[in-house]
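Residues per chain, in single letters:
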Amino acid sequence: MIVLGIESSCDETAAALVDDRRRILAEELFSQLDEHKPYGGVVPEVAARAHLEHLGPLIEATMKKAGLGFADLDGIAATAGPGLIGGVIVGVTMAKAIAAVHKKPFYAVNHLEGHALSARLSDDVAFPYLLLLVSGGHCQLLVVEDIGSYRRLGATIDDAAGEAFDKAAKLLGLGYPGGPAIQRAAEAAKDPVLDLPRPMLGRPDCNFSFSGLKTALRQRVEALRPLSPETVANLAAGFEIAVTESVADRVKRAIAAAPGMTALVVAGGVAANARLRKRLAETAAKGNLPLVAPPIALCTDNAAMIAWTGIEHLKRGETSALDFAPRPRWPLDNDAPALRGAGVKA
């Protein structure tokens, strides 16, 4: 089975061809970073227009690279939510058009499920496993029971981890995107600031919070202005350490709450952070679990994970109707209680 995957949920326009032997046959990606950098974050209208401009040529280039035509495909999969609705509409409409013209099955992919199943593309992880999903818009812990079956253990009640990194980087004058900028600055730290708060540490639930940490950093920045390069590095390291320790504590709680898992999987853009990966490996080992972290290219938004998720569902005979409506919000666990803040997206 060969499936074309399309990703357009935020600021990455991507297409990929994946087969059911877990091979990425070809992929193309256009990063909109330069378009959004002047604004310090993603502008939805700018993102949607960029998807519209670049998606068609990216699909054409992907098909050409693989030496395949649309007749060779067994299905089309596209991110149908959650995400910036303008961009999601562009990707879904393109996928529906290809599916309709070439009479191929279409599958509307939940972007979060794409992240959740990326470890099955890279490492063929068996169910059930514990998932830490950390990205710019999401931060949650889930039990991945099966394809389409998810149980949320916890989520952020305010900022997502990636959002917190972006805001911290802006406070420190490090630019956008914040995660890589914070990590680069932290590498130069000689005396990390270690007294920043660790939100939710020791709490009995599995939820996250980063707004208090962000506020503490802002207060420290205001007290220390003007900031020297050394101070920026030490604050960046302190913030990164605080986020890492807070997340590790929440993961430790989730491991205890969900026995019988085959692995701890970390996915999403923030999973690219080296310090976080190292600490999670230690936390997983203490819980007698292997840590599975897909390659960084599969952690950030990409079309290969969307194609793979399409394969997982299409192989079970599951398809989506061509009148499927894109969704700006689409939780993986519909039975989980509502949370405030960013948790409403969980």
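First, a word on scope: everything that follows refers to the structure included in this document. Remember, predicted model here, so these are calculated numbers, not experimental data. Sequence positions are assigned chain by chain, starting from 1 and proceeding in written order. With pLDDT at 70 or above as the cut-off, local features in this predicted model cover only qualifying residues; side-chain atom pairs require 80 or more to be listed or tallied, and sums for whole chains, interfaces and linings still use all residues. Think of the side-chain values as coming from all heavy atoms in the structure, minus any hydrogens and water.

Take the overall build of the protein chain next. Comment: elements are numbered from the N terminus, with helices defined as DSSP H or I runs of at least four residues and strands as E runs of at least two. Across its full length, the protein chain holds eleven helices and ten strands. Radius of gyration here is computed from C-alpha atoms only, and the compact-globule reference equals 2.2 Å multiplied by the residue count raised to the power 0.38. In terms of C-alpha radius of gyration, the protein chain reaches 20 Å, essentially the compact-globule figure of 20 Å for 346 residues. For the protein chain, the spread of C-alpha atoms along the three principal axes comes to 60 × 45 × 35 Å. Each residue is assigned to one of three classes by its accessible area relative to the maximum for its type, calculated with a 1.4 Å probe on protein chains only: buried under 20%, partly exposed between the two thresholds, exposed over 50%. For the protein chain, the proportion of its 346 residues judged to be buried stands at 53%. Per-residue and other accessible areas were derived by the Shrake-Rupley procedure at a 1.4 Å probe size, with only the shown protein chains allowed to occlude residues. For the protein chain, the exposed surface amounts to about 14,200 Å²; the carbon and sulfur share of it is 53%. We score Asp and Glu as negative and Lys and Arg as positive, and we do not count His or the chain ends. Here the site of a charge means NZ on Lys, CZ on Arg, CG on Asp, or CD on Glu. Taking the average place of the 37 positive charges on the side chains of the protein chain and the average place of its 39 negative ones, the gap between the two points comes to 4 Å.

It is worth spelling out the packing of aromatic side chains at this point. Where two aromatic rings form a pair, the distance of their centres and the angle of their planes describe that pair. Between rings of Phe, Tyr and Trp, where Trp is taken as its six-membered ring, a pair exists when centres lie within 6.5 Å; planes separated by under 30 degrees are stacked, by over 60 edge-to-face, and by other angles tilted. Taken as a whole, this structure holds four aromatic pairs when the rule is applied. Between Phe 165 and Phe 239, the ring centres sit 5.7 Å apart and the planes meet at 75°, which makes this aromatic pair edge-to-face. Pair noted here: Phe 165 is in helix 5 (residues 161–171) and Phe 239 is in helix 8 (residues 229–257), with a separation of 74 residues, a long-range link. A relative accessible area of 3% places Phe 165 in the buried class. Among the residues examined, Phe 239 registers a relative accessible area of 0% and is labelled buried.

Before going further, it helps to spend a moment on the pattern of salt bridges. A carboxyl oxygen of Asp or Glu within 4 Å of a side-chain nitrogen of Lys or Arg is what we treat as a salt bridge. Under the criterion given, the structure shown has 17 salt bridges. Ionic pairing is found between Arg 198 and Glu 245, a salt bridge with its closest N-O pair at 2.8 Å. With Arg 198 in the loop between helix 6 (178–186) and helix 7 (211–224) and Glu 245 in helix 8, this residue pair connects regions lying 47 residues apart in the sequence. Between Arg 218 and Glu 222 there is a salt bridge whose closest N-O contact spans 3.3 Å. Residue Arg 218 and its partner Glu 222 are located together in helix 7, separated by four residues, close to a single helical turn.

This part is about the side chain of Gln 32. Mapped onto the elements of the fold, Gln 32 is located in the loop between strand 3 (24–31) and helix 1 (33–36). Accessibility expressed as a relative area gives 0% for Gln 32, which makes it buried. N or O atoms within 3.5 Å of each other form a polar contact, as long as, within protein, one can give a hydrogen and the other can take it, and as long as residues adjacent in sequence are counted only when both atoms are side-chain atoms. Among the polar contacts made by the side chain of Gln 32, one reaches the side chain of His 51 at a distance of 3.3 Å. Working rule for contacts: check all heavy atoms of both residues, and any pair within 4.5 Å makes them a contact. Not counting the four nearest positions on each side in its chain, Gln 32 is found in contact with Cys 10, Asp 11, Thr 13, Val 46, Ala 47, Ala 50 and His 51.

On to the nonpolar core, then. The nonpolar side chains of a soluble globular protein tend to be buried, and buried together. As used in this record, nonpolar core signifies buried Ala, Val, Leu, Ile, Met, Phe, Trp, Tyr and Cys residues forming a set joined through side-chain atoms within 4.5 Å. Counting residues in hydrophobic clusters, the biggest one holds 48 residues, and the most contacted among them are Leu 132, Phe 239 and Val 247. At eleven residues, the largest contribution of residues to this core is made by helix 8. Listed in part, the 34 residues of the second largest apolar core include Val 109, Tyr 150, Ile 311 and Leu 314.

Right, let's get into the sheet that holds strand 9 (residues 264–267). Strand pairing follows a simple DSSP-based rule, namely that at least 2 bridges must link the two strands. Strands sit in the order 8-7-6-9-10 across an open sheet of five strands; the sheet is mixed. Every other strand in the sheet has two partners, leaving strand 8 (149–155) and strand 10 (291–292) as the edge strands with one partner each. With two bridges joining them, strand 9 and strand 10 adopt parallel strand pairing. Bridge assignment links Val 265 to a residue of strand 10, and that residue is Val 292. Axis lines are fitted through C-alpha atoms, for helices just across the contact stretch, and the angle between N-to-C directions can take any value from 0 to 180 degrees. Sheet strands in contact with helix 8 are strand 6 (129–134), strand 7 (139–146), strand 8 and strand 9, and its direction is about 155° off that of strand 6.

Moving on, we come to the layout of surface pockets. Using a 1 Å grid laid over the protein atoms alone, points where a 1.4 Å probe fits but cannot get out form a cavity; open sets with protein on both sides within 12 Å along at least 5 of 7 lines form a pocket; any residue with an atom within 4 Å of a point counts as lining. Grid points are joined across faces, edges and corners, and a volume is the space filled by probe spheres set on the points. Put simply, the largest pocket is a space of about 1,200 Å³. Only strand 3, helix 4 (111–123), helix 5 and helix 6 provide two or more residues apiece to the lining of the largest pocket. Per-element accounting of the lining of the largest pocket gives the leading share, five residues, to helix 6. Residues that form the lining of the largest pocket fall into these classes: 15 nonpolar, 18 polar and nine charged. Note on residue classes: Ala, Val, Leu, Ile, Met, Phe, Trp, Tyr, Cys and Pro are nonpolar, Asp, Glu, Lys and Arg are charged, and everything else, Gly too, is polar.

So, about the packing of helix 4 against helix 11 (residues 304–314). Between helix 4 and helix 11, the least distance of the axes is 8 Å, while the angle of their chain directions is 85°. Comparing their axes, helix 11 and helix 4 come out roughly perpendicular. Along the contact surface, helix 4 presents His 111, Glu 113, Gly 114, His 115, Leu 117, Ser 118, Arg 120 and Leu 121, while helix 11 presents Ala 304, Met 305, Ile 306, Trp 308, Thr 309, Glu 312 and His 313. Tallied by class, residues from the contact of helix 4 with helix 11 come to six nonpolar, six polar and three charged. Roughly parallel here means an angle under 35 degrees, roughly antiparallel means over 145, roughly perpendicular means 65 to 115, and every remaining angle is called oblique.

Turning our eyes to something else, we now look at the state of the cysteines. Cysteine sulfur pairs qualify as disulfides if the two atoms are within 2.5 Å. Evaluated as defined, the whole model comprises zero disulfides. Residue Cys 10 stays outside any disulfide, its sulfur separated by 16 Å from that of Cys 299, the closest cysteine. Overall, Cys 10 belongs to the partly exposed group, its relative accessible area being 24%. Left unpaired, Cys 206 is separated from the closest cysteine sulfur, that of Cys 139, by 12 Å. Judged by its relative accessible area of 5%, Cys 206 is buried.

With that out of the way, let us pick up the pairing of strand 1 (residues 2–7). In regular strands, side chains alternate between the two faces of the sheet. In terms of burial, strand 1 is a largely internal element, six of the six residues being buried. A two-sided burial pattern is seen for strand 1, the buried positions comprising Ile 2, Leu 4 and Ile 6 on one face and Val 3, Gly 5 and Glu 7 on the other. Bridge analysis of strand 1 against strand 2 (residues 12–19) gives six bridges, and the strand direction is antiparallel. The partner of Glu 7 across the bridge, within strand 2, is Ala 14. As consecutive antiparallel partners, strand 1 and strand 2 are separated by four residues. One ladder, built from four bridges, connects strand 1 with strand 4 (residues 75–81); its direction is parallel.

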